[in-house]
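# Architecture at a glance
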Amino acid sequence: MLLIGLTGSIATGKSTVSSLLKSEPYQLPIVDADILARKVVEPGTNGYNAIVKHFAPTTPDLLVEPSELMPEDGPDGKGRPLNRPALGKRVFGDSDEVQKDRAVLNGIVHPAVRKEMFKMIMGCYLRGHWAVVLDIPLLFESKLDRFCGTAMVVAVTDPEIQMKRLMARDAHLSRGDAENRVCSQTDVRVKAQRCIARGEGNGVVLWNDGSKEDLVAKLDEAMKKLRRKSPDWWSWLLLGCPPLAVMVSAWTIWQNVRINRRWEEAQKDHSGRDADSS
């Protein structure tokens, strides 16, 4: 089974591609990290309790305000839901304090999300799917790209397009808030370069500066190539022979670790040359 790691940056079109892959003609199962991230911090979960314990003392509006429809202890007695916009303002930005808070939040959410992802992936494998899409905004940052046979990045070449799309989608954001959200993530053009460095078939970049129709055409071309790479008989062979599936997974991880090491070394060399020239 092919694991397709889908990523991008905020307002580049990743969600659109995820929706397309879920629908005809692909009908691929989607493991959405954002949905799982919400699930693991619902009131009553360990993630929710950890976030409240860390952030509540310094974030008065961390929880949704009580009202006639929202009792003080939540609708089911497990606590009021998180006020996501308030938490977002707390962890999006580039100051040292904000980065520390974001690291704390990621340390709470990411392990729980990975556990849920593993459960879903195993379910897709046992049902004989030829591929499953891992929709992960922080695919490279979380190092989950190591497990993916193909990484797919939805990117834009013009940063201003990203800003305009974000502010049009989330009208409540000021330009400063939008810039903080964009800057809190790795530059999508860097993600694209990293994807390309994986090599033909192992990395796919969908440039989304144009219309949705252009994006659909690019996705269709990419998926046809991936489908030829992973035919149905291969998926059923891996399902019928678990030891082979384990060997293929180990090979994929080893190859991706090597690719990541080369990328990191190249980035260090590039940074070193920049420092020498300055």
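Residues numbered from 1 in each chain as written. Predicted model: local features only at pLDDT ≥ 70, side-chain atom pairs only at ≥ 80, totals over all residues. Heavy atoms only, no water.

- Looking up the chain in an unreviewed UniProt entry gives the name Dephospho-CoA kinase cab5, with the organism given as Conoideocrella luteorostrata.

### Looking at the nonpolar core
- Among the nonpolar cores identified, the biggest contains 37 residues, and Ile51, Leu82, Leu87, Val109, Val113, Met117 and Leu134 are the most heavily contacted of them.
- Only α2 (33–39), α3 (46–55), α4 (84–91), α5 (96–126), β3 (131–135), β4 (150–155) and α8 (188–196) provide two or more residues apiece to this core.
- When residues no more than four places from it in sequence are discounted, the contact partners of Val109 are Ala37, Val40, Val41 and Ile51.
- With 21 residues, the next largest nonpolar core counts Leu28, Ile30, Met223 and Leu226 among its residues. (Core = buried A, V, L, I, M, F, W, Y, C linked by side-chain atoms within 4.5 Å. Buried < 20%, exposed > 50% of the residue type's maximum accessible area, 1.4 Å probe, protein only. Helix = DSSP H or I, 4+ residues; strand = E, 2+ residues; numbered from the N terminus. Contact = heavy atoms within 4.5 Å.)

### Notes on the UniProt feature "transmembrane region" (unreviewed entry) in the chain
- UniProt feature "transmembrane region" (unreviewed entry): in the numbering of this structure it lies at residues 233–254.
- Here residues 233–254 is 95% helix and 0% strand, with 24 Å between the C-alpha atoms at its ends. (UniProt positions renumbered as here; feature names shortened; annotations may be inferred.)

### Here we look at the packing of aromatic side chains
- Within this structure, the stated rule accounts for two aromatic pairs.
- Ring geometry for Trp233 and Trp234: centres 5.9 Å apart, planes at 80 degrees, overall edge-to-face.
- Taking 5.3 Å as the distance between ring centres and 45 degrees as the angle between the ring planes, the aromatic pair formed by Trp251 and Trp254 counts as tilted. Here Trp254 and Trp251 lie together in helix α11 (residues 242–277), a separation of three residues that amounts to about one turn.
- Here the guanidinium or amino end of Arg227 rests over the ring plane of Trp130, the centre of that ring lying 4.4 Å away.
- Stacked on the ring of Trp254, the Lys or Arg Arg258 has its end atom at 4.8 Å from the ring centre. (Phe/Tyr/Trp six-rings, centres within 6.5 Å; stacked < 30°, edge-to-face > 60°. Lys NZ or Arg CZ within 6 Å of the ring centre and 35° of its normal.)

### A short note on a nonpolar patch on the surface
- On the surface, Phe118, Met122 and Leu126 cluster together to form a nonpolar patch covering roughly 320 Å² of accessible area.
- Relative to the helices and strands, Phe118 is located in helix α5. (Patch = residues over 30% accessible without salt bridge, like charges linked within 9 Å, V, L, I, M, F, W, Y side chains within 5 Å. Areas by Shrake-Rupley, 256 points an atom, 1.4 Å probe, with all protein chains shown as cover. Salt bridge = Lys/Arg side-chain N within 4 Å of Asp/Glu carboxyl O.)

### Quick look at the state of the cysteines
- Scanning the entire structure with this criterion turns up zero disulfides.
- Not engaged in a disulfide, the cysteine Cys195 finds its nearest cysteine sulfur in Cys148; these two sulfurs lie 10 Å apart. (Disulfide = S-S within 2.5 Å.)

### Details of the side chain of Ser18
- Within the secondary structure, Ser18 is located in helix α1 (residues 14–22).
- Ser18 sits in the buried class, given a relative accessible area of 7%.
- A distance of 3.0 Å separates the side chain of Ser18 from the side chain of Asp135, its partner in a polar contact.
- In contact with Ser18, other than residues within four places in its own chain, are Leu6, Ile30 and Asp135. (Polar contact = N/O pair within 3.5 Å; in protein donor to acceptor, adjacent residues only side chain to side chain.)

### Regarding the packing of α3 against α5
- For the pair α3 and α5, the least separation of the axes is 9 Å and the interaxial angle reads 160 degrees. As judged from the angle between their axes, α3 and α5 are roughly antiparallel. Crossing hand, α3 versus α5: right-handed. Two secondary-structure elements touch here, α3 through Gly47, Ala50, Ile51, His54 and Phe55 and α5 through Asp101, Val104, Leu105, Ile108 and Val109.
- Its residues assigned to classes, the contact of α3 with α5 shows seven nonpolar, two polar and one charged. (Axes fitted to C-alpha atoms, helices over the stretch in contact; angles between N-to-C directions. Parallel < 35°, antiparallel > 145°, perpendicular 65-115°, else oblique. Left-handed = near helix turned anticlockwise from the far one by under 90°. Nonpolar A, V, L, I, M, F, W, Y, C, P; charged D, E, K, R; others polar.)

### What to know about the sheet that holds strand β1 (residues 2–7)
- Across the sheet, five strands lie side by side as β2-β3-β1-β4-β5; this open sheet has parallel pairing. Whereas interior strands pair on both sides, the edge strands pair on one side only; in this sheet they are β2 (30–32) and β5 (203–207). Each adjacent strand pair in this sheet contributes to an overall mean axis angle of 20 degrees, direction not counted.
- Bridge count for β1 against β4 is four bridges, and the pairing is parallel. In the strand pairing of β4, Leu6 is matched with Met152.
- Along the sheet face, α1 touches β1, β2, β3, β4 and β5 and points at about 150 degrees away from the line of β1.
- Packed on one face of the sheet, α5 meets β1, β2 and β3 and runs near 180 degrees to β2. (Pairing = 2+ DSSP bridges.)

### Looking at unusual backbone geometry
- In this structure, Pro25 follows Glu24 across a cis peptide bond, with omega equal to 5 degrees.
- As for its placement among the helices and strands, Pro25 is situated in the loop between α1 and β2.
- For Ala11, which is not glycine, the phi dihedral falls at a positive 65 degrees.
- Mapped onto the secondary structure, Ala11 falls in the loop between β1 and α1.
- Phi is positive for Lys143, close to 65 degrees, though the residue is something other than glycine.
- Mapping Lys143 onto the fold places it in the loop between β3 and β4.

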